Every structure is written in structure tokens, then in C-alpha cells.
Amino acid sequence: QDEEVVIPVSISVRDVNEAPSLSAETQDSYGEDLAVGSVLVGITLTDPENQAVSYTISGEGSDRFAIDEAGNISLAKSFDFETKNSYTLTITASDGILSSETEILINVSDINESPDVTISLQGSEFAENITTGSTIATIAYTDPESDELTYTLSGTGSDQFSIDDQGVITLKTGLDYETKTSYELTLTSSDGTNSVQTQISFLVTDISELALSLD
């Protein structure tokens, strides 16, 4: 009877470089007022060989973001909801030979922003005999949310002026150089949520009392 012969066999397992795997979780949305440098999301990465991995970000608007060696994605340029309210980014992780990708969605939420108000004075000074109803200044503004503005005037003597809903400031009661030679008024413009204050300054010039009586 033949004897069974057992021959030992040695099997070697050769390592094959495997691609890293990565994942990320984002918030539902990020306010457009998020500070530059803020971290939005961190990448979770697994590499079977524990090799050093480098990251890149691609996709429309990807230059607005940065990613560090640890996979932390931060804001490099400020958001603007009115320009772009979402970003679809592709994150690529490479171990130098193989790479993997994951896609993340960054949603931007609107934040009510303050209006930008510009005042155009009709002049830096007004004669004391200027007629009531004369225009002193006009207001122009831009509001990111296209909200309408309401206006109020404050400061000593502000009750001598009126302002309509179009932002036109007019003289309501006469000027008197002998009583007041200059005005420092504050215009408050509100979009219902935010308000900005703008200073209005002008001089009153004297007219001889004889000239006033002749008028």
C-alpha cells in the first residue's frame, strides 16, 4: 500500500497598493457671513498602507476653498449668496500612485446685509435766504436683498428738514445764519432689519439784512 506523501507548500502574499478611501459630512447650509478661514468640513480617510495622502479640490468655484494636509476644508474667499448659493466640489485624495474621489455639496444660506447708502449734497453751503422746499441732498442706495429703505434724520436742527420715501432731503423751515451757522445731521437708513448711519454736514452763509429786506 502506497504511503500518502505530504509536501509542504509555501504561499507568499504580495502586497498590492490599494487606493485610499474617503468620506465627508457637511452641514445643511453655511451662512454667507461665515468668516474666511472657518473650517467647513473634515475629510475622513482610510489608506490600507497608511501612506501619506495629498488632497486637491476641483469643481466650479473651488478656488473659494482650501484644504490642508489633514483634510480640513476651509473657506478661502467670502461667500456671496446673491452671486452663488451652492457649490458641488470633488475632493481627490492621492497616495502618490492611486487616488479616490468623493463629492460634497456646500449650500450657502442668505444673510440680510446692510444697505450701502450714498448722499449727494446740493452744495457744501447754503445761503440763509434759501427758500423752503429747496432740495438739500438726495440719497442713492443699493441693498443686496433689494429691500426698500426708510429714513430718519436726527441731530440739532434736524426738525428744520424733511425727507421723503425717495430719499430727497428738503428744507422745511427757513435758515438763519445769526442763529445757526452750520448743521451736523445724521441720516439713519433702515431696510427693516439692518440700519446704517451717514453724516450730513453743511454751512449756512450770511446774507446782509438789507439784502434780505429787499427780497
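Residue numbering note: each chain is counted from 1, following its sequence as written. Side-chain atom pairs in this predicted model are given and counted only at pLDDT of 80 or more, local residue features only at pLDDT of at least 70, and totals for whole chains, interfaces and linings cover all residues. To obtain the side-chain values, all non-hydrogen atoms of the structure were included, while hydrogens and water were left out.

Draft legend 1. Molecular detail of the overall build of the protein chain. Note on conventions: DSSP H or I runs of at least 4 residues are helices, E runs of at least 2 residues are strands, and numbering of each starts at the N terminus. Along the backbone of the protein chain there are one helix and 16 strands. C-alpha atoms define the radius of gyration, and 2.2 Å times the number of residues to the power 0.38 defines the globule rule. For 215 residues, the compact-globule estimate of 2.2 N^0.38 gives 17 Å, and the protein chain exceeds it by more than 25% at 34 Å. Only protein chains enter the calculation, and the probe is 1.4 Å; a residue is then buried if its accessible area is under 20% of its type maximum, exposed if over 50%, and partly exposed in between. Within the protein chain, buried positions represent 32% of all 215 residues. In this analysis, two residues are considered to be in contact whenever any of their non-hydrogen atoms come within 4.5 Å of each other. Looking at the protein chain alone, contacts between residues at least 24 apart form 63% of all its contacts between residues at least 6 apart. We get accessible surface area from the Shrake-Rupley algorithm with a probe of 1.4 Å; when it comes to residues, only the shown protein chains can shield them. As presented, the protein chain carries roughly 13,100 Å² of accessible surface, and 45% of it is formed by carbon and sulfur atoms. Separation between the mean location of the 6 positive side-chain charges and that of the 39 negative ones in the protein chain comes to 4 Å. Counted charges follow a simple rule, with Lys and Arg positive, Asp and Glu negative, and His plus the chain ends left uncounted. Charge positions are represented by NZ for Lys, CZ for Arg, CG for Asp and CD for Glu.

Draft legend 2. Representation of the packing of aromatic side chains in the model. Aromatic rings from Phe, Tyr and Trp, taking only the six-membered ring of Trp, are treated as a pair when their centres fall within 6.5 Å; an angle between ring planes under 30 degrees marks them as stacked, one over 60 as edge-to-face, and anything in between as tilted. Scanning the model with the defined rule gives seven aromatic pairs in all. Between the aromatic rings of phenylalanine 79 and tyrosine 87, the centroid separation amounts to 5.9 Å while the plane-to-plane angle is 35 degrees, which identifies the pairing as tilted. Joined through ring pairs, the aromatic side chains of Phe126, Phe161, Tyr183 and Phe202 make up one cluster. Directly above the aromatic system of tyrosine 183 lies the positively charged group of lysine 180, at a separation of 5.0 Å from the ring centroid. Only lysine NZ and arginine CZ atoms are considered, and such an atom sits over a ring when it is within 6 Å of the ring centre and within 35 degrees of the ring normal.

Draft legend 3. Molecular detail of the sheet that holds strand β14 (residues 168-171). Spatial strand order, β9-β11-β14-β13: four strands in an open sheet with antiparallel pairing. Each of the sheet's edge strands pairs with one partner strand only, and the pair in question is β9 (116-121) and β13 (161-163). Each strand of the sheet is rotated relative to its neighbour by a mean of 20 degrees, with strand direction disregarded. Bridge count for β13 against β14 is three bridges, and the pairing is antiparallel. Looking at the pairing, serine 162 lines up with threonine 170 of β14. Note on pairing: two strands pair once DSSP finds at least 2 bridges between them. Note on geometry: axes are C-alpha line fits, over the in-contact stretch for helices, and angles between N-to-C directions span 0 to 180 degrees.

Draft legend 4. Expanded view of the environment of isoleucine 73. Position of isoleucine 73 relative to the elements: it lies in strand β6 (residues 72-75). For isoleucine 73 and glutamine 27, which are 46 residues apart along the polypeptide, the C-alpha to C-alpha distance reads 13 Å. Ignoring anything within four residues of it in the chain, the contact list for isoleucine 73 reads Ser38, Val39, Leu40, Val41, Ile43, Ile57, Phe65, Ala66, Ile67, Ile91 and Ile104.

Draft legend 5. Broad picture of unusual backbone geometry. The phi dihedral of serine 146 falls on the positive side, at around 60 degrees, and the residue is not glycine. With respect to the element layout, serine 146 can be found in the loop between β11 (135-142) and β12 (150-154).

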